[in-house]
Amino acid sequence: MRKSRILTGLGLAAVAMITLAGCNSGSPSAGSGGGGEQTGGDEALWEVATEVDLEGSPTYDRMVERDGVIVGVKNDQPGLGYEDAASGERTGFDVDIARWIAASLGFDEDQIDYVTIPSANREQAIVNGDIDYYVGTYSITDARKQQIDFAGPYFITGQGLLVAADDDSINGPDDLEGKIVCSVTGSTPLQRIRDEYNPGDAVEYDTYSQCVEQLKAGSVDAITTDEAILAGYVALEPDVLKIAGEPFSEERYGVGLEKGDRAMKDYINALFTDGGDVWTALFEQHLAPAGIEAEQPDVEQ
Ligand code: GLU
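Residues numbered from 1 in each chain as written. Predicted model: local features only at pLDDT ≥ 70, side-chain atom pairs only at ≥ 80, totals over all residues. Heavy atoms only, no water.

## Topic: the overall build of the protein
In terms of regular secondary structure, the protein is built from 10 helices and 17 strands. Taken over 301 residues, the protein has a buried fraction of 52%. Within the protein, residue pairs in contact and separated by at least 24 positions form 72% of the contacts whose partners lie at least 6 positions apart. Accessible surface computed for the protein: about 12,400 Å², of which carbon and sulfur atoms make up 45%. (Helix = DSSP H or I, 4+ residues; strand = E, 2+ residues; numbered from the N terminus. Buried < 20%, exposed > 50% of the residue type's maximum accessible area, 1.4 Å probe, protein only. Contact = heavy atoms within 4.5 Å. Areas by Shrake-Rupley, 256 points an atom, 1.4 Å probe, with all protein chains shown as cover.)

Take a look at the structure:
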């Protein structure tokens, strides 16, 4: 079982802050604009495919007909799926995974439409055909598989807790008795904290950044979701926020797909399996600076 681990420490957090700031001011990580090539340093991490061999995928046929891709993403999760409010630039590991998939299917950055979709609305957006695929901290679960399919997993993390930097009273989910914990509607961490633990109260919002505002305002005591998400918020404000305790679940991130599109699932899984170097470069660029440790997982067949 491989999970991401978060290293804490001011040194790392400071490095992460500089890196995140760098991303927002137009580092090579952006990958948006020009030619659909993603660069890691000076080298292109991928090129837009010119010959695509993908038969029998209704999703791909739709993309070709439209001459473009519509991907569902998050916009408030630094390091994973983030949109700079001023420039509109989208950055992060998940966003680049979405770009890499689009490029492998022959679509460059100018042909990608990004739609921000919160956790609670993901399955419906896929079922409705509003998006072609979804990449945004989306855990593979049996319940979700009733409605959609997943490619991947492409990343594994675990549920954790975010608290104020000066709060030593919470060191794990068992310390939430009598405390108010915040999470997101329709997420696996909200479900788990209610089902398996005994918080004083569990309040829900549409997005994790809303929970962060509540925590900073003192109206909740903790936030619970995947550590990879929480680490992104700590990296931005290491003097204000910290991760408390150890991860207590396994969250396996998949690419949300239309149910039954086996051809697309196999195509993306092959991309991940053959693309270890790209995966590593994206991980090093977006997640390692926040102190996250992980290995590329094997995909599920
Ligand atoms: N990975 C969890 C989930 O899919 C939490 C993160 C999120 O809400 O996107 O529910």
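## A few points about the pattern of salt bridges
Within this structure, the stated rule accounts for 15 salt bridges. Between Glu-258 and Arg-62 there is a salt bridge, with its nearest N and O atoms 3.2 Å apart. Here the residue Glu-258 occupies a position in strand β16 (residues 251–258), and Arg-62 occupies one in helix α2 (residues 58–66), the gap between them amounting to 196 residues. For Glu-258, a relative accessible area of 24% corresponds to the partly exposed category. Close ionic contact of Lys-145 with Glu-300 constitutes a salt bridge, the shortest N to O distance being 3.6 Å. Of this pair, Lys-145 sits in helix α5 (residues 142–145) while Glu-300 is found in the segment after β17 (292–293), placing the two residues 155 residues apart along the sequence. Assessed through its relative accessible area of 30%, Lys-145 is described here as partly exposed. (Salt bridge = Lys/Arg side-chain N within 4 Å of Asp/Glu carboxyl O.)

## Let's talk about the state of the cysteines
For the structure on display, the rule yields 1 disulfide. With its sulfur 2.1 Å from that of its partner, Cys-182 forms a disulfide with Cys-211. Here the S-S torsion is close to -75°, and the disulfide linking Cys-182 with Cys-211 is therefore left-handed. Residue Cys-182 is found in strand β12 (residues 180–184), and its partner Cys-211 is found in helix α7 (residues 208–217); the two are separated by 29 residues along the sequence. This pair shows no difference in class: Cys-182 is buried, exactly as Cys-211 is. (Disulfide = S-S within 2.5 Å.)

## A few points about the packing of aromatic side chains
Summed over the entire model, instances satisfying the criterion amount to 13 aromatic pairs. When the centroid spacing of 5.3 Å and the interplanar angle of 5° are considered together, the rings of Trp-279 and Phe-283 count as stacked. A residue pair is termed a helical-turn pair when its members lie 3 or 4 positions apart in one helix, as Trp-279 and Phe-283 do in helix α10 (residues 276–286) at 4 residues. Look at Trp-279 and you get buried, because its relative accessible area is 3%. (Phe/Tyr/Trp six-rings, centres within 6.5 Å; stacked < 30°, edge-to-face > 60°.)

## Quick word on the nonpolar core
Ranked by internal contacts, the top residues of the largest apolar core, which has 60 residues, are Phe-93, Tyr-133, Phe-155, Leu-162 and Val-255. Considering every element that reaches this core, the biggest residue donor is helix α3 (residues 93–104), with 8 residues. Not counting residues up to four positions away in its chain, the partners in contact with Leu-162 are Val-212, Leu-215, Asp-221, Ala-222, Ile-223, Leu-230, Tyr-233, Val-234, Leu-241, Lys-242 and Ile-243. By size, the runner-up hydrophobic cluster in this structure holds 11 residues, among which are Leu-161, Ile-193, Ala-202 and Phe-248. (Core = buried A, V, L, I, M, F, W, Y, C linked by side-chain atoms within 4.5 Å.)

## Quick look at the sheet that holds strand β15 (residues 241–244)
What the 5 strands build is an open sheet, ordered β13-β12-β14-β11-β15; its pairing is mixed. Every interior strand has two partners, whereas the edge strands, β13 (201–205) and β15, have only one. Pairs of neighbouring strands in the sheet enclose a mean axial angle of 35°, with direction left out of account. Here strand β11 (residues 159–164) runs beside strand β14 (residues 222–226); their pairing, made up of 4 bridges, is antiparallel. In the strand pairing of β14, Gln-159 is matched with Asp-226. (Pairing = 2+ DSSP bridges. Axes fitted to C-alpha atoms, helices over the stretch in contact; angles between N-to-C directions.)

## So, the site of the ligand
Taken together, 17 residues surround the ligand, and among them Ser-119, Thr-137, Ser-139, Tyr-208 and Asp-226 come closest. For the ligand, whose unbound accessible area comes to 280 Å², protein coverage reaches 100%. Elements represented by at least two residues in the shell around the ligand include exactly α6 (188–196), β14 and β16. In the shell around the ligand, the residues fall into 5 nonpolar, 7 polar and 5 charged. (Near = heavy atom within 4 Å. Nonpolar A, V, L, I, M, F, W, Y, C, P; charged D, E, K, R; others polar.)

## Quick notes on α6
Inspection of α6 places Thr-188, Pro-189, Leu-190, Arg-192 and Ile-193 among the buried residues, and these make up the whole buried set. At the N-terminal end of α6, a side-chain oxygen is found 3.3 Å from the backbone nitrogen of Leu-190, two or three residues along, and the residue is Ser-187. (Polar contact = N/O pair within 3.5 Å; in protein donor to acceptor, adjacent residues only side chain to side chain.)

## Some points on a negative patch on the surface
Taken together, Asp-53, Glu-55, Asp-61 and Glu-65 make up a surface patch of like negative charges. Following the sequence through the fold, Asp-61 ends up in helix α2. (Patch = residues over 30% accessible without salt bridge, like charges linked within 9 Å, V, L, I, M, F, W, Y side chains within 5 Å. Lys, Arg positive; Asp, Glu negative; His and termini not counted. Charge placed at Lys NZ, Arg CZ, Asp CG, Glu CD.)

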